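# Examining the three-dimensional arrangement
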Amino acid sequence: MVESIVGCKWSLHVLARIRQGIHRPGALRRSTRGLTTKVLNERLNKFLRFGIVERRVFAQVPPRVEYHFTAFGRKFIRLLDEIEKLQRDVRRG
């Protein structure tokens, strides 16, 4: 699972945007240059399968959908933070 997420540049971008408070699919797509709707949907579905995010659907017109981290997703993000710190340490030599 970790390799599947970390090995994809778009996964990390999407997770970062959700963490920044961008929860709606359209806003996620617009906030990341070069990210297509198809790839975004693939990433979000993967996060749902792994239990990293949950999908919240609001009964309104037009329909509104948001993605938020689950408890597991918040733990997973902390793991990614540690990997990022290690990467910075490696760069510093």
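Just above, that's the structure.
All figures in this text were calculated on a predicted structure; none of them were measured in a lab.

### Description of the packing of helix α2 (residues 9-19) against helix α5 (residues 71-92)
- It is the contact of α2 with α5, at a shortest axis distance of 12 Å, that shows an interaxial angle of 115°. Regarding α2 and α5, the two cross each other, and that crossing is left-handed. Mapping the contact onto sequence places Leu-12, Leu-15 and Arg-19 in α2 and Phe-76, Ile-77, Leu-80 and Asp-81 in α5.
- In terms of residue class, the contact of α2 with α5 is built from 5 nonpolar, no polar and 2 charged.

### Re the packing of α2 against helix α4 (residues 37-50)
- Interhelical geometry of α2 versus α4 gives an angle of 75° and a closest axis separation of 10 Å. With respect to α4, the axis of α2 lies roughly perpendicular. Where α2 abuts α4, its residues Trp-10, Ser-11, Val-14, Leu-15 and Ile-18 lie against Val-39, Leu-40, Arg-43, Leu-44 and Phe-47.

### A few points about α4
- In this model α4 runs 20 Å from its N-terminal to its C-terminal C-alpha over 14 residues, within 8% of the 20 Å that 1.5 Å per residue would give.
- Within α4, burial applies to Leu-40, Arg-43, Leu-44, Lys-46 and Phe-47. Along the long axis of α4, the arc covered by the buried residues comes to 155°, so they all point the same way. For α4, exposure combined with an orientation more than 90 degrees from the buried face picks out Lys-38 and Arg-49.
- On its buried face, α4 sits against α1 (2-6), α2, α3 (25-31), β1 (53-58) and β2 (64-69).

### Observations concerning the nonpolar core
- Counting residues in hydrophobic clusters, the biggest one holds 19 residues, and the most contacted among them are Leu-15, Ile-18, Leu-44, Phe-47 and Ile-52.
- Of all the elements in the fold, those that place two or more residues in this core are α2, α4, β2 and α5.
- A per-element tally of this core places α2 first, with 4 residues.
- Leu-15 has contacts with Ile-5, Phe-47, Ile-52, Phe-69, Phe-76, Ile-77 and Leu-80, leaving out every residue within four places of it along the chain.

What counts, and where the lines are drawn
Residues numbered from 1 in each chain as written. Predicted model: local features only at pLDDT ≥ 70, side-chain atom pairs only at ≥ 80, totals over all residues. Heavy atoms only, no water. Axes fitted to C-alpha atoms, helices over the stretch in contact; angles between N-to-C directions. Helix = DSSP H or I, 4+ residues; strand = E, 2+ residues; numbered from the N terminus. Left-handed = near helix turned anticlockwise from the far one by under 90°. Contact = heavy atoms within 4.5 Å. Nonpolar A, V, L, I, M, F, W, Y, C, P; charged D, E, K, R; others polar. Parallel < 35°, antiparallel > 145°, perpendicular 65-115°, else oblique. Expected span 1.5 Å × (residues − 1). Buried < 20%, exposed > 50% of the residue type's maximum accessible area, 1.4 Å probe, protein only. Arc of directions from axis to C-beta. Core = buried A, V, L, I, M, F, W, Y, C linked by side-chain atoms within 4.5 Å.

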